[in-house]
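One letter stands for each residue in the lines below.
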Amino acid sequence: MTDPPTGPGYEIRIRGRISDTFQHAFDDLNVRVNPVETVVWSPELDQGALYGVLEIIEALGLELVEVRRLPPMAPREARS
């Protein structure tokens, strides 16, 4: 079993509820559709990949609300 990534990752908020079709554009990411916005995030998303996601959002004509860097995840404690 491998440890989860310890990088910071990113959370991206998009105005409105995106359809299932648009959600497929973010297959490698977690997607949560809320009443007034859609949140896309991943603890594995590095800065280079973030730019790619932002390009997808722009190409789909979606309105970007916020990009937030997530705090790093703590590595697992060594087990005896």
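What counts, and where the lines are drawn
- Residues numbered from 1 in each chain as written.
- Predicted model: local features only at pLDDT ≥ 70, side-chain atom pairs only at ≥ 80, totals over all residues.
- Heavy atoms only, no water.
- Helix = DSSP H or I, 4+ residues; strand = E, 2+ residues; numbered from the N terminus.
- Buried < 20%, exposed > 50% of the residue type's maximum accessible area, 1.4 Å probe, protein only.
- Contact = heavy atoms within 4.5 Å.
- Areas by Shrake-Rupley, 256 points an atom, 1.4 Å probe, with all protein chains shown as cover.
- Phe/Tyr/Trp six-rings, centres within 6.5 Å; stacked < 30°, edge-to-face > 60°.
- Lys NZ or Arg CZ within 6 Å of the ring centre and 35° of its normal.
- Polar contact = N/O pair within 3.5 Å; in protein donor to acceptor, adjacent residues only side chain to side chain.
- Pairing = 2+ DSSP bridges.
- Axes fitted to C-alpha atoms, helices over the stretch in contact; angles between N-to-C directions.

Engineer: Quick question: what am I supposed to make of the overall build of the protein chain here?
Structural biologist: When helices and strands are counted, the protein chain shows two helices and four strands. Counting helices and strands in the order they occur from the N terminus, the protein chain gives β-α-β-β-α-β. Within the protein chain, buried positions represent 26% of all 80 residues. Of the contacts formed within the protein chain by residues at least 6 apart in sequence, a portion of 68% connects residues at least 24 apart. Accessible surface, the protein chain: about 5,600 Å² in total, of which carbon and sulfur atoms supply 50%.

Engineer: Sorry if this is basic, but what is going on with the packing of aromatic side chains here?
Structural biologist: In this description, an aromatic ring pair is defined by two values, namely the gap between the centres and the angle between the planes. In the structure shown here, the tally under the stated rule is zero aromatic pairs. Between Arg32 and the ring centre of Trp41, over which it is positioned, the NZ or CZ distance is 5.2 Å.

Engineer: Mind showing me how you'd approach the side chain of Glu11 here?
Structural biologist: Relative to the helices and strands, Glu11 is located in strand 1 (residues 10–15). Within the structure, Glu11 has its side chain in polar contact with the side chain of Arg13 (distance 3.2 Å). Those residues in contact with Glu11 that sit more than four places away from it in its chain are Val39, Val40, Trp41, Glu66, Val67, Arg68 and Leu70.

Engineer: How do you make sense of the sheet that holds strand 2 (residues 30–33) when you look at a structure like this?
Structural biologist: Pairing between sheet strands relies on hydrogen bonds along the backbone, with the strands arranged either parallel or antiparallel. Here we have four strands laid out as an open sheet, ordered 2-3-1-4, and antiparallel in their pairing. Each having just a single partner strand, strand 2 and strand 4 (64–69) make up the two edges of the open sheet. Between one strand axis and the next, the sheet turns through 15 degrees on average, direction left out of account. The sheet contact formed by strand 2 and strand 3 (residues 37–42) spans four bridges and is antiparallel. Within strand 3, the position partnered with Val33 by the bridge is Thr38. On top of the sheet, helix 2 (residues 47–59) reaches strand 1 and strand 4; it is set at about 10 degrees to strand 1, its chief contact.

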